[in-house]
Structures are given as structure tokens and as C-alpha cells.
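Fold and geometry: a report
Residue strings, one per chain:
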Amino acid sequence: MNSLKELISTGKNIAVISHISPDGDSLGSILALGITLGKMNSNVTIYLNDVLPAKYEFLPEVHRFIMFKEEETKEYDLTFVLDCGDIDRLGKSKVIANRTKTLVNIDHHISNTSYGNINILDVDASSTCQMIYEFIDEVLEAQISLDVATCLYVGITTDTGNFKYDNTSPKTHRIASKLLELGVNIEEVTFNLYQNGSYNSIKFLGDFLQNLDITLDGKLALSTITLEMLRKYNLDSDETDSIINYGRDIKGVEVAITLKEVNENIIKASFRSKANVDVNKLAQIFGGGGHKKASGATIEGSMDYVKERIIEEVSKTIGATRG
Ligand SMILES: [Mn+2]
């Protein structure tokens, strides 16, 4: 790891990137690491793949995000890929990883394919932000500023369902408490992440709940989001992300799945499990992955086709029949 510190201080240019469809953990971790590296080396670029979802605009030093453009031909000495189980989830910015001398992969997805030259993986970590806290503190031996603490706190709270999921460990709380001691404004974080949703997103929830079905002896909650629904309410892509929880939280439900139409024949499937079903394995059947209790896959085919295929696989996994 000493050599990594040396690479950081001597590298002519360094990139920090994460997955498409950014979330709190990907944004918080790349910003936190990017800000910290920026104090050690002035040639650090933090790339964003997609438009920044509005609720994350409050993140400190958000102006440091640079929108990745395909015309970009720069070659990097060192690239950090954070919170990304599979190199293809980098979308078009994958070319950065391909053009870099040393690729560092820091992640907590169980499905991670160890695509880096250096792989720092911890499937027991609640979030990549939790890992970045330790990386800054123990490997870089750098100070954690209030701005960095806020970014890290955002990733930890969003990836743990605000400290509800069982990826929340004693260590998660110890790190969260250190971040609060550094001065993180919890009221500001809570307001921006959880109390500032759009009116349209709540109206959309009404339609979504109308479409929510329970099948397989009440163990599978399945819902669909069509392009038409998305157009009607004109939502940011991230505004539908946590909606899957309504299905998961129903009594008796073991697996919740939301199928979202991204394009005419492209369906984004999100999987959530409440207890024992391993939805990482389920997602992998469809070319995706993630965590045991939260995963996703992008599947080609019509909504009806994808729905049938998924019910078939879930039925095999949980050993229940349709009803
Ligand atoms: Mn994560």
C-alpha cells in the first residue's frame, strides 16, 4: 500500500470514477476520495457519468464533478473505480479504466469481478463510503475534513436504508459517530435526502402502488414502471430508486422486484430480499449482480417477456407456485 501512496503523490494524472445511474454511495465515495486526493496531488479529476440527481446537489464541493465526455482521450497513471462490481457498469467511462496504467478497484459488492490491478474488496462493509473512511484514515493517513465527512455520511446512510439493513454493523455506527463528531450536519443531510421529494414523485407513487402485485403464495411482490408512467410524471431517474421498498416491506413478502422500462425493449430489474433469498444469485441469472439483499440487472425483451422469465426463476428459487 505504500507504493500506492507513492503513485498518488507522483502520478501525472489521476481519475476517480464510479457507476452509471449514480446513487448516494457512488457519489459520496468518489467525491470524498477525490477531495482528499486533490490535497495530495493537484491533477485529480472526479468524473460523473450521468446527470447529477437533484437531491445530491447539496453535496459539498459538488462543482468538482466533471461530466465525462466520449471525446476525452486523456490517459491516466492511476484510476480509482469505486462502488462498481463490474467494469461494464462504468458505462462509456469504461474507456478511462482501459487507458489507465494502474487501476484501483474499491468496492463492497459480493459480485465484484476483481477487475483492478489493485483490488480492495470488503463484502461486509455497509457501503463503499465506509471503506473510503478507512482508506483515507489508514492507508492515506490523511485528515478527514468536514466536507469529506459529509460525503461519506451520505453514502453510509443511503446504502444502509438509514441504518436499517443488516449491512449496518458496529463498525458502521462507530464510523458514523466519528463523522458526526467531525461536524456533519444531520439535519441538512436528512432534509436533502429524505424530506425534499417532489410532489410528482408522490403522485407517481400512487400509480405505482396500483400496479403492485403479490404472487407466488404472497412471497413475491412485483411491480412495473412503464415509460408512459415516467413520462407522465417527468421524474429524475433516481426518484424511483427506493420505491421498491414498499413491496419488500409487506408482511409475508420475501422478494420484491421492480421492472422499469428504460427503452422499448430494455428493462431494468431491481431485486430486494427481506431475509434468506440471495438476490445477487437471482440477478446473476439475468447478467446482473450486486448484494445478497439488493441487486439489479438490465434485461433485453418486452415487459411481458421479462416479467414471465423473472417469475419463473423466482418460483424455482423460493419453491413457491403462482397463485
Ligand atoms: Mn454501495
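Notes on the structure follow. (Residues numbered from 1 in each chain as written. Predicted model: local features only at pLDDT ≥ 70, side-chain atom pairs only at ≥ 80, totals over all residues. Heavy atoms only, no water.)

Nonpolar side chains in soluble globular proteins tend to end up buried together. Among the nonpolar cores identified, the biggest contains 48 residues, and Leu33, Leu37, Phe80, Ile106, Leu152 and Leu179 are the most heavily contacted of them. When sequence neighbours within four positions are dropped, the list of residues in contact with leucine 33 reads Val16, Phe80, Leu82, Ile132, Phe135 and Leu140. Leu259, Phe271, Val314 and Ala320 belong to the second-largest nonpolar core, a separate cluster that totals 23 residues. (Core = buried A, V, L, I, M, F, W, Y, C linked by side-chain atoms within 4.5 Å. Buried < 20%, exposed > 50% of the residue type's maximum accessible area, 1.4 Å probe, protein only. Contact = heavy atoms within 4.5 Å.)

Our focus in this paragraph is the coordination of the manganese ion. The protein atoms donating to the manganese ion are Asp25 (OD), Asp83 (OD), His108 (NE2) and Asp159 (OD), with metal-donor distances spanning 2.1 to 2.3 Å. Counting gaps between the donor residues of the manganese ion yields the pattern D-x57-D-x24-H-x50-D. Here histidine 108 lies in the loop between strand S5 (100-107) and strand S6 (118-121) and aspartate 25 lies in helix H2 (residues 24-38), a separation of 83 residues in the sequence. (Donors = N, O, S within 2.8 Å, 3.2 Å for Na, K, Ca; no water. Helix = DSSP H or I, 4+ residues; strand = E, 2+ residues; numbered from the N terminus.)

Strand order in the open sheet formed by six strands is S7-S8-S9-S10-S12-S11, with mixed pairing between adjacent strands. What marks the edges here is a single partner per strand, and that holds for strand S7 (213-215) and strand S11 (289-290). Examined bridge by bridge, S7 and strand S8 (residues 220-225) share three bridges and lie antiparallel to one another. Looking at the pairing, threonine 215 lines up with leucine 220 of S8. In the packing of helix H12 (residues 303-318) onto the sheet, contacts are made with S7, S8, strand S9 (255-263), strand S10 (266-273) and strand S12 (294-300), and the angle to S9 comes to roughly 160 degrees. (Pairing = 2+ DSSP bridges. Axes fitted to C-alpha atoms, helices over the stretch in contact; angles between N-to-C directions.)

Here asparagine 105 shows up in strand S5. Residue asparagine 105 is classed as buried on the basis of its relative accessible area of 0%. With residues up to four places along the chain from it excluded, the contact list for asparagine 105 reads Val81, Cys84, Asn112, Ser114, Tyr115, Gly116, Ile118, Asn119, Ile120 and Leu121.

Further remarks concern the sheet that holds strand S3 (residues 65-67). Strand order in the open sheet formed by six strands is S3-S2-S1-S4-S5-S6, with parallel pairing between adjacent strands. The open sheet has two free edges, formed respectively by S3 and S6, since each of these has just one partner strand. Ignoring which end each strand starts from, the neighbouring axes of this sheet average 25 degrees apart. Sheet analysis places strand S1 (residues 14-17) next to strand S4 (residues 76-82), joined by four bridges and oriented parallel. Each bridged residue has a counterpart across the sheet, and for isoleucine 17 the counterpart in S4 is valine 81. Packed onto the sheet, H2 meets S1, strand S2 (44-48), S3 and S4 and runs at close to 165 degrees relative to S2. On top of the sheet, helix H4 (residues 128-139) reaches S4, S5 and S6; it is set at about 115 degrees to S5, its chief contact.

Relative orientation of the contacting elements H2 and helix H5 (residues 146-159) amounts to 160 degrees, with a least axis distance of 8 Å. Relative to H5, H2 is oriented roughly antiparallel. For the pair H2 and H5, the crossing hand works out as left-handed. On H5, the residues touching Gly24, Asp25, Gly28, Leu31, Ala32, Ile35 and Thr36 of H2 are Val148, Cys151, Leu152, Val154, Gly155, Thr158 and Asp159. (Parallel < 35°, antiparallel > 145°, perpendicular 65-115°, else oblique. Left-handed = near helix turned anticlockwise from the far one by under 90°.)

Below, the discussion takes up the packing of aromatic side chains. Aromatic ring pairs are defined here through the distance separating the ring centres and the angle between the ring planes. By the definition in use, this model includes six aromatic pairs. Relative to phenylalanine 163, the ring of tyrosine 153 lies with its centre 5.9 Å away and its plane at 50 degrees, an arrangement referred to as tilted. Of the two residues, tyrosine 153 is situated in helix H5 and phenylalanine 163 in the loop between H5 and helix H6 (170-181); the sequence distance between them amounts to 10 residues. Ring centres of phenylalanine 204 and tyrosine 233 lie 5.9 Å apart, and the angle between their planes is 80 degrees; on these two criteria the pair is classed as edge-to-face. Of the two residues, phenylalanine 204 sits in helix H8 (residues 199-210) while tyrosine 233 sits in helix H9 (residues 227-233), which places them 29 residues apart along the sequence. (Phe/Tyr/Trp six-rings, centres within 6.5 Å; stacked < 30°, edge-to-face > 60°.)

This part is about the environment of threonine 157. Turning to its location among the elements, threonine 157 is positioned in helix H5. Those residues in contact with threonine 157, other than ones at most four positions away along the chain, are Asn162, Phe163, Val189, Leu193 and Tyr194. Engagement of the side chain of threonine 157 in a polar contact is seen with the side chain of tyrosine 194, the distance being 2.6 Å. (Polar contact = N/O pair within 3.5 Å; in protein donor to acceptor, adjacent residues only side chain to side chain.)

Looking now at empty space enclosed by the protein. Under the counting rule described, the total for this entry stands at one cavity of 30 Å³ or more. In this model, the largest cavity occupies a volume close to 40 Å³. Around the largest cavity, the lining residues are Ser18, His19, Pro22, Ser26, Leu27, Ile30, Tyr47, Leu48, Asn49 and Asp50. Sorting the residues of the lining of the largest cavity by element identifies H2 and S2 as the ones contributing at least two each. Among the elements that make up the lining of the largest cavity, the one with the highest residue count is H2 (three residues). Taken together, the residues of the lining of the largest cavity sort by class into five nonpolar, four polar and one charged. (1 Å grid on protein atoms, 1.4 Å probe; cavity = no way out; pocket = protein on both sides within 12 Å on 5 of 7 lines; lining within 4 Å. Points joined across faces, edges and corners; volume = space filled by probe spheres on them. Nonpolar A, V, L, I, M, F, W, Y, C, P; charged D, E, K, R; others polar.)

So, on to the side chain of serine 223. By the secondary structure assignment, serine 223 is in strand S8. Overall, serine 223 belongs to the buried group, its relative accessible area being 2%. Of note is the side chain of serine 223, whose polar atom sits 3.3 Å from the side chain of threonine 258. In this structure, serine 223 is in contact with Phe208, Asn211, Leu212, Ile257, Thr258 and Leu259, ignoring residues within four places of it in sequence.

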